[in-house]
Amino acid sequence: MKRRVMPRLVTGVVAAGVLLCLAQKKADGQTIDVFTSLTAWQAAVSGSSQFSEDLQSFTQDTYFQTVAVNVGPFSLEQIGQDPFGNLANFIDVPPLEFTDNSGVTNAAMYTKYGVVTVDMDFNSPVFAWGANFYDAQTSELENLVLTASGGGVIAAVPVTVDTGFFGFVISPTEGMSAITFESQIDNPNPTIGQGFGLENVVGAYVAPPVPEPDSVLLLGAGLTVLVGIYRRRRTTPVHKGF
């Protein structure tokens with residue numbers, strides 16, 4: 001009988017450690033700090049591993065309207081189709097087709113409320129992101145919907161600049177796997193959505209997780225009990241015939 005009870009006790013100890021870890025994570029408050037200065041954003045993520053993508057490696061227009069395009073640290077893909085058609089959602093290489101940019105290669109973006117969005121999927125989880133926007137508040141405005149690494153929406157962050165840098169930092173750090181660009185409001189004209197340019201994308205990666213002390217102690221205690229049970233089984237004779 002004791003041999004059956006002890007493994008269950010160990011399972012309970014380990015499970016308690018996992019539940020405690022999850023409870024502590026839920027108890028932590030979370031904020032999303034918004035930045036309109038690249039310098040201030042860089043100061044906020046100082047010391048973390050980062051990426052910077054200027055799209056200058058592209059030598060010709062590359063569309064992500066129907067298939068995802070790998071841009072290095074992330075990929076871009078249009079989700080949905082506008083029945084009226086649109087000419088955007090591609091990497092625009094000089095000579096440029098649109099003017100909502102600084103005159104260099106950029107991502108010519110387009111969203112339409114309830115119809116077309118654009119997904120930016122990261123190759124590794126990030127907790128901070130930013131980019132230079134151009135004409136982001138000319139029609140339907142723009143939201144950034146942040147998706148957690150484990151699934152589920154972290155938050156919807158409205159872009160508050162028309163032209164200039166806009167970024168954010170999630171605190172405490174939480175892994176984000178993707179950003180969905182979506183229109184904020186529905187333009188009554190079904191042929192008009194939100195077009196804007198995107199340049200110089202930056203991000204900060206999530207550091208490898210460090211086990212929390214309480215859960216480590218509980219797991220360690222569970223492993224110690226398991227070792228004791230294993231040794232006892234090896235030294236205790238088994239009597240048959242009962």
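Just so you know, the residues in each chain are numbered from 1, in the order the chain's sequence is written. Two thresholds apply to this predicted model, a pLDDT of at least 70 for residue-level local features and 80 or more for giving and counting side-chain atom pairs, whereas whole-chain, interface and lining totals are computed over all residues. Side-chain numbers here rest on the full set of heavy atoms in the structure, without hydrogens or water.

**Concerning the environment of Phe133**
Then comes step 1: Helix and strand labels come from DSSP, where a helix needs a run of H or I of at least four residues and a strand needs a run of E of at least two; each type is numbered from the N terminus. Turning to its location among the elements, Phe133 is positioned in strand S8 (residues 117-134).
Then comes step 2: Each C-alpha atom of the pair Phe133 and Asp162 lies 6.8 Å from the other, and the pair is 29 residues apart in sequence.
Then comes step 3: Here, residues are in contact when the closest pair of their heavy atoms is within 4.5 Å. The residues contacting Phe133, other than those within four sequence positions of it, are Leu144, Val159, Val161, Asp162, Thr163, Gly164, Phe166, Phe181, Phe196, Gly197 and Leu198.

**Regarding the environment of Thr160**
Then comes step 1: Mapped onto the elements of the fold, Thr160 is located in the loop between strand S10 (153-158) and strand S11 (164-171).
Then comes step 2: Burial here depends on accessible area, computed with a 1.4 Å probe over protein chains only, as a share of the maximum for the residue type. Under 20% is buried, over 50% is exposed, and the range in between is partly exposed. Here Thr160 falls in the partly exposed class, since its relative accessible area comes to 49%.
Then comes step 3: Here the alpha-carbon distance between Thr160 and Gln137, two residues 23 residues apart in the chain, equals 8.1 Å.

**A short note on the packing of aromatic side chains**
Then comes step 1: Between rings of Phe, Tyr and Trp, where Trp is taken as its six-membered ring, a pair exists when centres lie within 6.5 Å; planes separated by under 30 degrees are stacked, by over 60 edge-to-face, and by other angles tilted. This model, assessed by the stated rule, comprises 12 aromatic pairs.
Then comes step 2: Residues Phe51 and Tyr205 carry aromatic rings whose centres are separated by 5.6 Å and whose planes lie at 50° to one another, so their mutual orientation is tilted. Remark: Tyr205 occurs in strand S13 (residues 194-205) and Phe51 occurs in strand S2 (residues 50-53); sequence separation between them is 154 residues.
Then comes step 3: Under the relative-accessibility criterion, Phe51 is labelled buried at 8%.
Then comes step 4: Relative to Phe98, the ring of Phe90 lies with its centre 6.1 Å away and its plane at 50°, an arrangement referred to as tilted.
Then comes step 5: Owing to a relative accessible area of 0%, Phe90 belongs among the buried residues under this scheme.

**Details of the nonpolar core**
Then comes step 1: Of all hydrophobic cores here, the largest spans 36 residues; its most connected members are Trp129, Phe133, Leu144 and Phe181.
Then comes step 2: In this description, a nonpolar core means a group of buried Ala, Val, Leu, Ile, Met, Phe, Trp, Tyr and Cys residues linked to one another through side-chain atoms lying within 4.5 Å. Listed in part, the nine residues of the second largest apolar core include Trp41, Val45, Val202 and Ala204.

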